[in-house]
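# Geometric and topological summary
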Amino acid sequence: MSEKKLVLLLENVDGGYGDSQILTDINMEVHQGEIVVIIGPNGAGKSTAMKSVFGLLNLTKGKVVLNGKDITNMPPEKVVHEGVCYVPQTANIFPSLTVQENLEMGAFIRNDDFKPRMQEIFELFPPLYEKRAQPAGTLSGGQRQMVAMGKALMLEPQILLLDEPTAGLSPLYQSEIFEIVKQVHAHGTPILMVEQNAKQALAIADRGYVLVDGKNKYHDTGAALLADPEVGEMFLGGGKAATISKRKPATANAKTKTTPKSKSKTTSKANSKSGIKKPLPKKVKDPSLKKKSTTTKKSGA
Amino acid sequence: MFEFINFYFIPGLILGCIYALGAIGITLTFGILRFANFSHGENMTIGAYFAYTLVSLFGMHPLLAMPIAMALTAFVALGVDRYFYRPFRSSPSIMLVMASFGIMLMAQSIIQFTWGTQVKTISPGIQRPIKLFDYLMISPKHLIIIACTLVLVFIVHYLLTYTKTGKAMRAMADSPELARLTGINTEGVIRTTWIIGGGLAAAAGVLLAIDTQVQTLMGFQLLLPMFAAAILGGIGKPYGAIAGGLIIGVAEELCTYPWIGTEPLIAPNYKAGVAFAIMVIMLIWRPSGLFKGKVF
Ligand SMILES: Nc1ncnc2c1ncn2[C@@H]1O[C@H](COP(=O)(O)OP(=O)(O)OP(=O)(O)O)[C@@H](O)[C@H]1O
Ligand SMILES: [Mg+2]
């Protein structure tokens, strides 16, 4: 992966809202052709990390680089012009506009003919074609998520940021959204996505980052994280994972010193070795969590 | 029956048309710029005075003067936005409300200073009502008002439904934050909002002047019913504002009909209270209005 072009880089980023600092020394990379997943407990700062790319919060330190261009603290309307499209976690469609109008708004900054692109989007999301004349707010949750993604894809972005695209959806829709993410990726768009649904997300991810308390905690290939027992206990315990993370383990974890190193080196080797072996906080509810962490073997992607 | 239609329903409709045109601007600024614009009435007043000036200086027909007055008022609205509202773009909306209140007072003084406080008129004198079906009577100026409103509403409908900027306006009324994330040119949308809101307010002012007369507080006096119309329709919903305006106009007039006995149900002097009552009831019972608008 290191030979792939670096699309997005967050380097030692600190940032937050107003006076409150949320992110501390965040490092992240997305390369051409990758799906990168961010997981972590509620309130860990996953959405905030994503917003930092999009100029939605004040970065006090570090930098954000897109395709070699420094876009640190660039306002969102400019970031869009740089080819980054972002689907927020909530309020990500215009409910009173029709499905088709939502897609048109997605193409707002395009001055060329975007009809063919819209056709492609409708092919990717067939249910949207049938409902194209309906106000998007009347659609089901899954279909609204499709509208949100379709709207973002209208620009044929350099990179797509998705914040919990499957949150609150039925399992059927969740799988469908993951399928679509794979398809979009197969068409060559790198994707950075936050997911609660860690198991499914890591399964399709090239790499994953675990954020805890606003800091990088683990970082490895998707497969390696899936195989890592610690990560497994924390986030992948089937139905339990969701329950645990909903209970805000972030606070419990807050006290632990964070991985001193997770400076992501561009080489996967460095990555898999470094991040993974921090002892877990004692406070986490599940007793099994305290068992010795094992090194993730790098299951080369 | 015909008396009811001729003297209550039609005047209510006329009033409703004027409210509707004014309320569209209020609801758009409310939805897109997120503040209650107290100076909106002054856009009406100044539009009427622009038309009066054109009519009295050049002997123009009021209907010819109307589009020019609309353009001039839109220009004024853009200027006010540039110098008084834009600096507050990221401030809490209460600051904008207070700014608009100040602009309202300033504009009233400027209007009084420029044109004097004397009542003026631009209507083409007494006209004989046109009789339809023997009993139905409607005066030509009322026909003009209804026709102008229909044309303007159609234009607004076209803009909002079929143009890129119009769709972006509705998008921004839905969610300004998402509009920004989507790359929508929000400043451009805001300018269009002022052009449409200011222009329609001026049209409402000219039509009111044609119906009655030109005076310095004419817009201010309609502010309350226009707000009531915007709230009744649902904040940020232009079609709601149109419906709300018509409903409130008609309701105000119908309340003066002698429904019980021979006395008006509500003395005409108090009919402004009807709009107020409707507004309060809506805010309590269904704050999102008839068309599911924003709730603040
Ligand atoms: N707009 C905001 N202003 C101030 N603080 C905020 C804002 N949004 C989030 N926060 C705070 O930042 C921290 C991180 O929030 P964030 O939304 O990034 O978490 P998350 O990892 O995305 O959680 P979730 O899984 O619930 O989506 C939280 O403590 C939250 O309270
Ligand atoms: Mg989040």
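### Things to note about the overall build of chain B
When you go through chain B residue by residue, the secondary structure sums to 11 helices and two strands. Reading chain B from its N terminus to its C terminus gives the helix and strand order α-α-α-α-β-β-α-α-α-α-α-α-α. On C-alpha atoms alone, chain B measures out to a radius of gyration of 19 Å, which is about the 19 Å that the 2.2 N^0.38 rule sets for 296 residues. With the principal axes as the frame, chain B shows a C-alpha extent of 60 × 50 × 35 Å. Considering chain B as a whole, with its 296 residues, one finds that 55% of them fall into the buried category.

### A closer look at unusual backbone geometry
Of all residues except glycine, most have a negative phi; of all peptide bonds, most are trans. Residues and elements named next belong to chain A. Within the chain, A91 stands out as a residue other than glycine whose phi angle is a positive 45 degrees. Among the secondary structure elements, A91 is positioned in the loop between strand 6 (84-87) and helix 3 (99-106). Given the relative accessible area of 56%, A91 is considered exposed. Despite not being glycine, E156 has its phi angle at roughly 50 degrees, a positive value. As for its position among the elements, E156 is in the loop between helix 6 (141-153) and strand 7 (159-163).

### Quick word on the environment of I10 of chain B
Residues and elements named next belong to chain B. Tracing the backbone through its elements, the reader meets I10 in helix 1 (residues 2-33). Using a relative accessible area of 9% as the deciding quantity, one classes I10 as buried. Considered as a pair, I10 and P287 are 277 residues apart in the sequence and their alpha carbons are 29 Å apart. Residues contacting I10, with those up to four places away along its chain left out, are I5, M137, I138 and H142.

### Brief notes about the interface of chain B and chain A
In this assembly, 18 residues from chain B lie in contact with 24 residues from chain A. Overall, the association of chain B and chain A removes approximately 1,800 Å² of surface from exposure, summing both partners, and the carbon and sulfur fraction of that is 62%. Among the residues of chain B in contact with chain A, K164, L178 and L181 of chain B are the three that bury the most area, contributing 33% of the side total. There are three salt bridges connecting chain B and chain A. E104 of chain A is paired through a salt bridge with K167 of chain B; the nearest N and O atoms lie 2.4 Å apart. Where chain B packs against chain A, one counts six residue pairs in polar contact (both at pLDDT 80 or more). Residue assignment for the side of chain B that touches chain A shows that the elements contributing at least two residues are helix 6 (164-174) and helix 7 (176-182) of chain B. Among the residues forming the side of chain B that touches chain A, the class breakdown is six nonpolar, five polar and seven charged.

### Regarding the sheet that holds strand 1 (residues 6-17) of chain A
Within a sheet, each strand pairs with its neighbour through backbone hydrogen bonds, oriented either parallel or antiparallel. All names here are of chain A. With antiparallel pairing, the four strands of this open sheet are ordered in space as 2-1-4-5. At either end of the open sheet lies a strand with only one pairing partner, and these are strand 2 (20-31) and strand 5 (69-70). Against the sheet, helix 1 (residues 46-53) engages strand 1, strand 2 and strand 4 (58-66), with an angle of about 115 degrees to strand 1.

### Side note on the sheet that holds strand 7 of chain A
All names here are of chain A. Spatial ordering of the open sheet is given by 6-7-8-3-9-10, a layout of six strands whose pairing is mixed. In this open sheet, the two strands that pair with only one neighbour each are strand 6 and strand 10 (215-221). Adjacent strand axes in the sheet meet at a mean angle of 15 degrees, parallel and antiparallel pairs treated alike. Sheet strands in contact with helix 6 are strand 6 and strand 7, and its direction is about 170 degrees off that of strand 6. Seen against the sheet, helix 7 (residues 171-186) touches strand 3 (35-39), strand 7 and strand 8 (191-194) and runs at an angle of roughly 160 degrees to strand 8.

### Digging into the packing of aromatic side chains
Per the stated rule, a full pass over the model turns up 11 aromatic pairs over all chains. Aromatic side chains F38 of chain B and F101 of chain B sit 5.6 Å apart centroid to centroid with 75 degrees between the ring planes, which places their arrangement in the edge-to-face category. Taken together, the residues F38 of chain B in the loop between helix 1 and helix 2 (40-58) and F101 of chain B in helix 4 (residues 93-115) connect sequence positions 63 residues apart. Judged by its relative accessible area of 26%, F38 of chain B falls in the partly exposed class. Through a chain of ring-to-ring contacts, the aromatic side chains of F30, F38, F101 and F227 of chain B assemble into a single cluster. Positioned above the aromatic ring of Y129 of chain A, the side-chain terminus of R132 of chain A is 4.0 Å from the ring centre.

### Some words on the pairing of strand 3 of chain A
Residues and elements named next belong to chain A. Among the five residues of strand 3, five are classified as buried, and the element is accordingly described as predominantly covered. Burial of the side chains of strand 3 extends over both faces: I35, V37 and I39 are buried on one face and V36 and I38 on the other. Inspection of the sheet shows strand 3 paired to strand 9 (residues 207-212) by four bridges, in the parallel sense. Along strand 9, the bridge assignment pairs I39 with V210.

### Points about the pattern of salt bridges
Side-chain pairs of opposite charge can arise where the charged atoms are in close proximity. Residue and element names in this part refer to chain A. Inspection of the entire model under this criterion finds 14 salt bridges over all chains. R117 is the partner of E120 in a salt bridge, and the nearest nitrogen-oxygen pair spans 2.8 Å. Of this pair, E120 and R117 are both found in helix 4 (residues 115-124), three residues apart, which corresponds to roughly one turn of the helix. Residues joined by salt bridges that share partners form a network here, namely D14, D25 and K61.

### Comments concerning the side chain of T45 of chain B
Residues and elements named next belong to chain B. With respect to the helices, strands and loops of the structure, T45 is situated in helix 2. On the accessibility criterion, T45 (0% relative accessible area) is buried. Within the structure, the side chain of T45 is placed 3.1 Å from the backbone nitrogen of G219, a separation counted as a polar contact. Leaving out residues up to four positions away in the same chain, T45 has contacts with I111, Q215, T216, M218, G219 and F220.

### Some points on the site of ligand 1
Residues and elements named next belong to chain A. Residues in contact with ligand 1 amount to 13 residues; listed here are only the nearest, N42, G43, K46, S47 and T48. Here N42 contributes a side-chain N or O atom positioned 2.9 Å from an oxygen atom of ligand 1. Between ligand 1 and G45 there is a distance of 3.0 Å, counted from an oxygen atom to a backbone nitrogen or oxygen. Contact with the protein chains covers 61% of the free accessible surface of ligand 1, which is 640 Å². If one sorts the elements of the shell around ligand 1 by residue count, helix 1 sits on top with three residues. Looking at the shell around ligand 1, its residues break down into four nonpolar, seven polar and two charged.

### Considerations on the coordination of the magnesium ion (ligand 2)
All names here are of chain A. Around the magnesium ion (ligand 2), the protein supplies S47 (OG) and Q89 (OE1) as donor atoms, at distances of 1.8 to 2.2 Å. With a gap of 42 residues between them, S47 in helix 1 and Q89 in the loop between strand 6 and helix 3 connect regions that are remote in the sequence. In this structure S47 comes out as buried when scored by relative accessible area, which is 16%.

Reading the values: rules and limits
- Residues numbered from 1 in each chain as written.
- Chains lettered and ligands numbered in written order.
- Predicted model: local features only at pLDDT ≥ 70, side-chain atom pairs only at ≥ 80, totals over all residues.
- Heavy atoms only, no water.
- Helix = DSSP H or I, 4+ residues; strand = E, 2+ residues; numbered from the N terminus.
- Rg over C-alpha atoms; globule rule 2.2 N^0.38 Å.
- Buried < 20%, exposed > 50% of the residue type's maximum accessible area, 1.4 Å probe, protein only.
- Contact = heavy atoms within 4.5 Å.
- Buried area = accessible area lost by both parts, 1.4 Å probe.
- Salt bridge = Lys/Arg side-chain N within 4 Å of Asp/Glu carboxyl O.
- Polar contact = N/O pair within 3.5 Å; in protein donor to acceptor, adjacent residues only side chain to side chain.
- Nonpolar A, V, L, I, M, F, W, Y, C, P; charged D, E, K, R; others polar.
- Pairing = 2+ DSSP bridges.
- Axes fitted to C-alpha atoms, helices over the stretch in contact; angles between N-to-C directions.
- Phe/Tyr/Trp six-rings, centres within 6.5 Å; stacked < 30°, edge-to-face > 60°.
- Lys NZ or Arg CZ within 6 Å of the ring centre and 35° of its normal.
- Near = heavy atom within 4 Å.
- Areas by Shrake-Rupley, 256 points an atom, 1.4 Å probe, with all protein chains shown as cover.
- Donors = N, O, S within 2.8 Å, 3.2 Å for Na, K, Ca; no water.

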